Amino acid sequence: MEPRISVLTLGVDDLEKAVSFYRDGLGLHTEGIVGEEFEHGAVAFFDLQSGLKLALWNREAIAHDAKVTKTANSPTEFTIGHNVSSKEEVDQIMELVEKAGATITLKACNTFWGGGYSGYFQDPDGHLWEVVWNPEWEF
């Protein structure tokens, strides 16, 4: 299988609130909610980088589309890593997300793994993000 991941979809409970967080709070670009004319179709897409998109879709609609039972969400199922170019940028983004309404679960600090610096936050639906600077990676 060739890796061709182009969309990361997050299940949300309140689509309008989630769009507001990512668009207004974090400044991500979106055309807004589309597909409202379809039952289970309302979704919002955000442009990330290199053709990668972030989608927000109601949890009930995902369960319906995938023919699975909607279950309780867990913030430890996965994390989304946002890598930046400096410790200062980690601090700036953590401040931005907190002002936008995120829950800070770990204030930015030095990591256990050799010189890195990171912090964690949860979006309004509990999705866990890590903002991280790794001195071994260039961006």
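Residues numbered from 1 in each chain as written. Predicted model: local features only at pLDDT ≥ 70, side-chain atom pairs only at ≥ 80, totals over all residues. Heavy atoms only, no water.

Peer 1: Where do I start with the overall build of the chain in this structure?
Peer 2: Scanning the chain for helices and strands turns up three helices and eight strands. Reading the secondary structure of the chain in the N-to-C direction produces β-α-β-β-β-α-β-α-β-β-β. When the backbone C-alpha atoms are referred to their principal axes, the chain occupies close to 50 × 40 × 30 Å. Per-residue burial over the chain gives 37% buried out of 139 residues. Within the chain, contacts between residues separated by at least 24 positions form 49% of all contacts whose residues are at least 6 apart in sequence. Accessible surface, the chain: about 8,800 Å² in total, of which carbon and sulfur atoms supply 51%. (Helix = DSSP H or I, 4+ residues; strand = E, 2+ residues; numbered from the N terminus. Buried < 20%, exposed > 50% of the residue type's maximum accessible area, 1.4 Å probe, protein only. Contact = heavy atoms within 4.5 Å. Areas by Shrake-Rupley, 256 points an atom, 1.4 Å probe, with all protein chains shown as cover.)

Peer 1: Could you clarify how one ought to interpret helix α1 (residues 15–25) in this entry?
Peer 2: Every α-helix winds through 3.6 residues per turn, so residues three or four apart in the chain are directed the same way. Buried residues of α1: Leu15, Ala18, Val19, Phe21, Tyr22 and Gly25, and no others. If you check the start of α1, you find a side-chain oxygen 3.3 Å away from the backbone N of Glu16, and it comes from Asp14. At the exit of α1 stands Gly27, carrying a positive phi of roughly 80 degrees. (Polar contact = N/O pair within 3.5 Å; in protein donor to acceptor, adjacent residues only side chain to side chain.)

Peer 1: Looking at this structure, I do not really get the sheet that holds strand β1 (residues 7–12). What am I missing?
Peer 2: The pairing of strands in a sheet comes from backbone hydrogen bonds and takes either a parallel or an antiparallel form. Ordered in space as β1-β4-β3-β2, the four strands form an open sheet in which the pairing is mixed. Across the chains shown, the open sheet's two edge strands, defined by having one partner strand only, are β1 and β2 (30–34). When strand polarity is set aside, the average angle formed by the axes of neighbouring strands in this sheet is 20 degrees. For β2 and strand β3 (residues 43–47), the ladder comprises three bridges, and the chain directions are antiparallel. Looking across to β3, one finds that Ile33 is bridged to Ala44. In the packing of helix α2 (residues 59–66) onto the sheet, contacts are made with β1 and β4 (53–58), and the angle to β4 comes to roughly 90 degrees. (Pairing = 2+ DSSP bridges. Axes fitted to C-alpha atoms, helices over the stretch in contact; angles between N-to-C directions.)

Peer 1: When you look at the nonpolar core in this model, what are you seeing that I'm missing?
Peer 2: For soluble globular proteins, nonpolar side chains are generally found buried alongside one another. If you look at the biggest cluster of nonpolar residues, it comprises 24 residues, and the most contacted ones within it are Tyr22, Phe46, Leu56, Val90, Phe121 and Val131. Contributions of two or more residues to this core are made by β1, α1, β3, β4, α3 (87–100), β7 (117–122) and β8 (128–133). Element by element, the count of residues in this core is highest for α1, at five residues. Setting aside anything within four residues of it in sequence, one finds Leu56 in contact with Leu10, Val12, Leu15, Ala18, Val19, Tyr22, Val43, Ala44 and Phe46. (Core = buried A, V, L, I, M, F, W, Y, C linked by side-chain atoms within 4.5 Å.)

Peer 1: How should I be thinking about a nonpolar patch on the surface in this particular structure?
Peer 2: A cluster of nonpolar side chains, namely Val7, Val34 and Phe45, defines an oily patch on the protein surface of about 210 Å² accessible area. Secondary-structure assignment places Val7 in strand β1. Of the residues examined, Val7 reaches a relative accessible area of 37% and is grouped as partly exposed. (Patch = residues over 30% accessible without salt bridge, like charges linked within 9 Å, V, L, I, M, F, W, Y side chains within 5 Å. Salt bridge = Lys/Arg side-chain N within 4 Å of Asp/Glu carboxyl O.)

Peer 1: Looking at this model, I keep getting lost on the packing of aromatic side chains. Mind explaining?
Peer 2: The geometry of an aromatic ring pair is captured by two quantities: the separation of the ring centres and the angle between the planes. The full count for this structure, using the stated rule, is four aromatic pairs. The interplanar angle of 55 degrees and the centroid separation of 6.0 Å between the aromatic rings of Tyr22 and Phe46 together place this pair among those described as tilted. In this pair, Tyr22 is assigned in helix α1 and Phe46 in strand β3, connecting sequence segments 24 residues apart. Centroid distance Phe121 to Trp129: 5.9 Å. Interplanar angle 10 degrees. Geometry classified as stacked. Judged on exposure class, the residue Phe121 and its partner Trp129 are both buried. (Phe/Tyr/Trp six-rings, centres within 6.5 Å; stacked < 30°, edge-to-face > 60°.)

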